[in-house]
Amino acid sequence: DGNANVATYEFTIDRNDWGLNLHYGAGNIYRAFDVNAVIPDVDAVGSFNQGDAILTYVSAQGTGYGELKPTPFMASFERPDASTYGVRIEYSPTRGEVNIATTTNGYDLNSIALADVPTETDVRMIIIEASSFSSRSQARSFEQLCADHGVDINNYIEVLAFANSL
């Protein structure tokens, strides 16, 4: 990454590695994947709680996009019978989990059948230590710093280059 305060982790979640559909209240039902299963030396929840920025990008096999997109990631999939369904993948920093569910409108999270889970989901997590930008205005978030410098927060390459310059 070029900067000791920025760490990038890449991993793939296999269809069978997702947990069971669980109810998380308010009608939210999704499967979760604990990132500590693949990066055990990193306390992502602790990093987030101490103010570190965590950027998460995903690409799900079967979308046809083939590129990493920022979370929350939403895409339409087609079943063998030609019916379609929406999928939402997000990162929960307070739980250290990547979550997956079906969605009809982008914000409802409904249970997802194992057959509807993408066979593979590629994930890239970037953790930027708060010390990288805390010397600047405490009131400004990393996203605001990006905006102030003309960095597109949805563009991984721009964000990484900016973070490495801090």
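Bear in mind the structure is a predicted one, so any value in this text is a computation, not a measurement. (Residues numbered from 1 in each chain as written. Predicted model: local features only at pLDDT ≥ 70, side-chain atom pairs only at ≥ 80, totals over all residues. Heavy atoms only, no water.)

Student: I tried to follow the environment of W18 on my own but got confused; where do I start?
Tutor: For W18, the position within the fold is in the loop between strand 1 (6-14) and strand 2 (22-23). Sequence spacing of W18 and G96 is 78 residues, and the spatial spacing of their C-alpha atoms is 14 Å. (Helix = DSSP H or I, 4+ residues; strand = E, 2+ residues; numbered from the N terminus.)

Student: Explanation requested: helix 3 (residues 156-165) in the structure shown.
Tutor: It helps to recall that an α-helix has 3.6 residues per turn; residues three or four apart then point in one direction. Y156, V159, L160, F162 and A163 are the residues of helix 3 that are buried. In a view along the axis of helix 3, the buried residues occupy a sector of 165 degrees, so they form one face of it. Set apart from the buried face of helix 3 by more than 90 degrees, the exposed residues are I157 and S165. Along its buried surface, helix 3 packs onto strand 1, strand 4 (53-60), strand 9 (120-128) and helix 2 (142-148). Looking at where helix 3 begins, the residue whose side-chain oxygen comes 3.0 Å from the main-chain nitrogen of I157 is N155. (Buried < 20%, exposed > 50% of the residue type's maximum accessible area, 1.4 Å probe, protein only. Arc of directions from axis to C-beta. Contact = heavy atoms within 4.5 Å. Polar contact = N/O pair within 3.5 Å; in protein donor to acceptor, adjacent residues only side chain to side chain.)

Student: How do you make sense of the side chain of R88 when you look at a structure like this?
Tutor: Note that R88 resides in strand 7 (residues 84-92). Beyond its immediate sequence surroundings of up to four residues, R88 is in contact with P72, F73, M74, N99, I100, A101, T103, G106, Y107 and L109.

Student: Whenever I open this one, unusual backbone geometry confuses me. Can you help?
Tutor: Comment: phi is negative for the bulk of residues other than glycine, and the bulk of peptide bonds are trans. Residue P72 is bonded to the preceding T71 through a cis peptide linkage, with omega at 0 degrees. Mapped onto the secondary structure, P72 falls in the loop between strand 5 (69-70) and strand 6 (73-78). Here the phi dihedral of A26 falls at roughly 55 degrees; this positive angle occurs in a residue that is not glycine. Position of A26 among the secondary structure elements: in the loop between strand 2 and strand 3 (29-34). The class of A26 is exposed, set by a relative accessible area of 82%.

Student: Sorry, what's going on with the pairing of strand 9 here?
Tutor: Successive side chains on a regular strand alternate, one facing one side of the sheet and the next facing the other. Strand 9 sits mainly inside the fold: seven of its nine residues count as buried. Examined bridge by bridge, strand 1 and strand 9 share nine bridges and lie antiparallel to one another. From the neighbouring strand, I13 faces strand 9, where its bridge partner is T121. In the sheet, strand 4 pairs with strand 9 via eight bridges, with the strands oriented antiparallel. If you follow A53 over to strand 9, its bridge partner there is I128. (Pairing = 2+ DSSP bridges.)

Student: Sorry, what's going on with the pattern of salt bridges here?
Tutor: Two side chains that carry opposite charge are able to pair once their charged atoms sit near each other. Scanning all chains against the criterion turns up four salt bridges. The salt bridge partner of K69 is E67, with a shortest N-O separation of 3.2 Å. E67 gets classed as partly exposed once you look at its relative accessible area, which sits at 43%. Across the pair E90 and R88 runs a salt bridge whose closest N-O atoms are separated by 2.9 Å. As far as burial versus exposure is concerned, E90 and R88 are alike and both buried. (Salt bridge = Lys/Arg side-chain N within 4 Å of Asp/Glu carboxyl O.)

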